[in-house]
Amino acid sequence: SGSGVCSNGMSAAGASAQPASAPPRPQAAAINSTCRFAVRLPAMFTGIVAAVGKIVSVKPLVVDAGRLPLAGVKVGDSICVQGACLTVSRKRGRRLSFDVSAETLECTVGLERPGRVNLEMALRLADRLGGHLVSGHVDGVGHLVQAKGSVYTFRAPKAVARYVARKGSICIDGVSLTVNRVRGA
């Protein structure tokens, strides 16, 4: 996703991209621009599971959406399935189909076999967060080391561990959690 320069000298991203000889223009000049551009904002989620669905088929991936409200869902929409942002490729009643890449299957636990999966609709700009911002881009598979009451200890892969910060958040199977302690990263 880059930024194209419009005819009024403003870049599509809003930052100044004027030629050196042009006098500075106020940011508001972009309002009267004849430039048109489209940007696809990435889907974002909160990490608060909205429903538990069930995988009914793996190839192709078909999920019965359970109690997830599907009234406005259409092909091309993003749904968080087990923490991964997936694009709806087909909708039939309560069943949603998704095209899933090999990379997504490698780093997302729970998509490789029939069973229960956590689901969440993508946020709209006016939605209340209630959780954390979750991109749905899964970076690795961690391992549950210990569970004591409400404290869970995970081991993260080296490539991901360096980005885990105390009081930050991580998303496990679509559930956003606050990190209380980090050791060995």
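A short tour of the structure in this document, coming up. Model, not experiment: these values are computed from the prediction.

Overview of a nonpolar patch on the surface
- A cluster of nonpolar side chains, namely Leu 144, Tyr 152, Phe 154 and Leu 177, defines an oily patch on the protein surface of about 370 Å² accessible area.
- With respect to the secondary-structure elements, Leu 177 resides in strand S10 (residues 175-178).
- For Leu 177, a relative accessible area of 31% translates into the label partly exposed.

Topic: the layout of surface pockets
- Within this model, the largest pocket holds a volume of roughly 1600 Å³.
- Around the largest pocket, the lining is made up of 50 residues, and of these Phe 154, Ala 156, Val 164, Ile 170 and Ile 172 lie nearest the centre.
- Sorting the residues of the lining of the largest pocket by element identifies strand S7 (143-148), strand S8 (151-155), helix H2 (158-161), strand S9 (169-172) and S10 as the ones contributing at least two each.
- Here the lining of the largest pocket is composed, by residue class, of 26 nonpolar, 17 polar and seven charged.

As for the sheet that holds strand S6 (residues 115-121)
- One closed barrel accounts for six strands, arranged S1-S2-S5-S4-S3-S6; its pairing is antiparallel. Going from strand to strand, the sheet's axes swing by 45° on average, the running direction of each strand aside.

Structural notes on the pairing of strand S3 (residues 78-81)
- Burial along S3 is two-sided: Ser 78 and Cys 80 and Ile 79 and Val 81, pointing in opposite directions, are all buried.
- Note that S3 and strand S4 (residues 84-92) share four bridges and pair antiparallel. Directly across from Ile 79, in S4, lies its bridge partner Leu 86.
- Taking the residues that link successive antiparallel strands as the turn, the S3-S4 hairpin has two residues, and the phi of Gln 82 there is positive, at about 60°.
- Relative to S6, S3 runs antiparallel, the two sharing three bridges. Paired with Cys 80 across the strands is Glu 120, a residue of S6.

As for the environment of Asp 127
- Relative to the elements of secondary structure, Asp 127 occurs in the loop between S6 and S7.
- Note: C-alpha distance between Asp 127 and Thr 46 (81 residues apart in sequence) is 9.9 Å.
- A distance of 2.8 Å separates a polar atom in the side chain of Asp 127 from the backbone nitrogen of Arg 124.

Some points on the nonpolar core
- Core analysis: the largest hydrophobic core is formed by 18 residues, its most contacted members being Val 63, Ile 79, Val 81, Leu 96 and Phe 98.
- For this core, the secondary structure elements donating two or more residues are strand S1 (51-57), strand S2 (61-64), S3, S4, strand S5 (95-98) and S6.
- In terms of residue count, the dominant contributor to this core is S4 (three residues).
- Apart from residues lying up to four places away in sequence, Val 63 is in contact with Gly 53, Lys 54, Ile 55, Val 81, Arg 94, Arg 95, Leu 96, Phe 98, Val 117 and Leu 119.

Thresholds applied
Residues numbered from 1 in each chain as written. Predicted model: local features only at pLDDT ≥ 70, side-chain atom pairs only at ≥ 80, totals over all residues. Heavy atoms only, no water. Patch = residues over 30% accessible without salt bridge, like charges linked within 9 Å, V, L, I, M, F, W, Y side chains within 5 Å. Areas by Shrake-Rupley, 256 points an atom, 1.4 Å probe, with all protein chains shown as cover. Salt bridge = Lys/Arg side-chain N within 4 Å of Asp/Glu carboxyl O. Helix = DSSP H or I, 4+ residues; strand = E, 2+ residues; numbered from the N terminus. Buried < 20%, exposed > 50% of the residue type's maximum accessible area, 1.4 Å probe, protein only. 1 Å grid on protein atoms, 1.4 Å probe; cavity = no way out; pocket = protein on both sides within 12 Å on 5 of 7 lines; lining within 4 Å. Points joined across faces, edges and corners; volume = space filled by probe spheres on them. Nonpolar A, V, L, I, M, F, W, Y, C, P; charged D, E, K, R; others polar. Pairing = 2+ DSSP bridges. Axes fitted to C-alpha atoms, helices over the stretch in contact; angles between N-to-C directions. Polar contact = N/O pair within 3.5 Å; in protein donor to acceptor, adjacent residues only side chain to side chain. Core = buried A, V, L, I, M, F, W, Y, C linked by side-chain atoms within 4.5 Å. Contact = heavy atoms within 4.5 Å.

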